[in-house]
Amino acid sequence: MRLSHALPQKGPSGLRGGCFSPAGRSILPALLLCALFTLAACAQRTAYVRPDLSNPVFTVAVLPFYNASNDVEGPRLIRKEFFKRIQNRHYSVMELEQSDALLMDKMGITLGSQLEMTTPEALGKVLGVDAVVYGYVLNFDDITTGIYNMKKVRAGFKLVDVGSGEVLWARG
């Protein structure tokens, strides 16, 4: 008695097996799952911050930062970056050029160190905002070794309610 074994049939591509064969159908979902995880890992995540409806602060101005570092441009660069990031926190943020023009024209303030001569209440009246952000820069250093370049920054920030003068949050 002779046993005959049936050979697998050739698929549409002319090859035996393939992704439509029983063996190929079990691998296809695994490959799709790996591709999905790879794409998900490459996606940039943006942190979602829920709006706090009990927060009385809606409009904010980012003031010129106090410079305690040796870098002249450091506070300006950090202020621009802070301005970009605070817009994701559900505040209506006054444009930097607008706040700088109002501070210069009405109060004669151009530097962060001059802010010590006034109060948050006076700043709020001139700028027409609910709160102001004070900032200071302690270090803004470039570390260059030829192969590895890095910026080392030490700074602090605080959000002050212009109506009460109360510090709402501070970091640094």
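Scroll up for the structure.
Section: the nonpolar core
Ranked by size, the top nonpolar core spans 17 residues in total, and within it V60, V62, F65, F82, I86, Y91 and V133 carry the most contacts. Elements with a contribution of two residues or more to this core: strand 1 (59–62), helix 2 (74–86), strand 4 (131–144) and strand 5 (149–161). Not counting chain neighbours up to four residues away, the residues in contact with I86 comprise V60, V62, Y91, V93 and V133. If you look at the next biggest cluster of nonpolar residues, it comprises 13 residues, including A61, M94, L103 and V129.

Details of the pattern of salt bridges
Under the definition given, this model contains five salt bridges. The salt bridge partner of D100 is R79, with a shortest N-O separation of 2.8 Å. You can see D100 sitting in helix 3 (residues 96–107) and its partner R79 sitting in helix 2, a full 21 residues away along the chain. With a relative accessible area of 8%, R79 lands in the buried category.

Details of the environment of V132
Mapped onto the fold, V132 is located in strand 4. By relative accessible area, which is 0% here, V132 ends up buried. Expressed as a C-alpha distance, the spacing of V132 and V57, which sit 75 residues apart in the sequence, is 9.7 Å. Contact partners of V132, with chain neighbours within four places excluded, come to A61, L63, L123, L127, K158, L159, V160 and V162.

A short note on helix 3
Turn by turn, an α-helix covers 3.6 residues, leaving residues three or four places apart pointing in a common direction. The end-to-end C-alpha distance of helix 3, which contains 12 residues, comes to 16 Å, matching closely the 16 Å that a straight helix rising 1.5 Å per residue would cover. Three or more residues of helix 3 are buried, namely L96, S99 and L103. The buried residues of helix 3 occupy an angular sector of 70° when the element is viewed end-on, so they sit on one face. For helix 3, exposure combined with an orientation more than 90 degrees from the buried face picks out E97, D105 and K106. Its buried side turned inward, helix 3 meets strand 1, helix 2 and helix 4 (120–127). After helix 3 finishes, the residue G108 shows a positive phi value of roughly 75°.

Description of the packing of aromatic side chains
By the definition in use, this model includes four aromatic pairs. Ring centres of F82 and W169 lie 6.4 Å apart, and the angle between their planes is 40°; this geometry places the pair in the tilted category. Of this pair, F82 sits in helix 2 while W169 sits in strand 6 (residues 167–171), and the two are 87 residues apart along the sequence. For W169, a relative accessible area of 29% corresponds to the partly exposed category. Feature note: the residues F65, F82, F157 and W169 constitute an aromatic cluster, connected by ring pairs. It is K158 that lies over the ring of Y134; its NZ or CZ is 5.3 Å from the centre.

Section: a nonpolar patch on the surface
Taken together, I143, I147, Y148 and M150 make up a surface patch of nonpolar side chains, about 430 Å² in accessible area. If you trace the backbone, I147 turns up in the loop between strand 4 and strand 5. The exposed category is assigned to I147, whose relative accessible area is 83%.

Parameters and conventions
- Residues numbered from 1 in each chain as written.
- Predicted model: local features only at pLDDT ≥ 70, side-chain atom pairs only at ≥ 80, totals over all residues.
- Heavy atoms only, no water.
- Core = buried A, V, L, I, M, F, W, Y, C linked by side-chain atoms within 4.5 Å.
- Buried < 20%, exposed > 50% of the residue type's maximum accessible area, 1.4 Å probe, protein only.
- Helix = DSSP H or I, 4+ residues; strand = E, 2+ residues; numbered from the N terminus.
- Contact = heavy atoms within 4.5 Å.
- Salt bridge = Lys/Arg side-chain N within 4 Å of Asp/Glu carboxyl O.
- Expected span 1.5 Å × (residues − 1).
- Arc of directions from axis to C-beta.
- Phe/Tyr/Trp six-rings, centres within 6.5 Å; stacked < 30°, edge-to-face > 60°.
- Lys NZ or Arg CZ within 6 Å of the ring centre and 35° of its normal.
- Patch = residues over 30% accessible without salt bridge, like charges linked within 9 Å, V, L, I, M, F, W, Y side chains within 5 Å.
- Areas by Shrake-Rupley, 256 points an atom, 1.4 Å probe, with all protein chains shown as cover.

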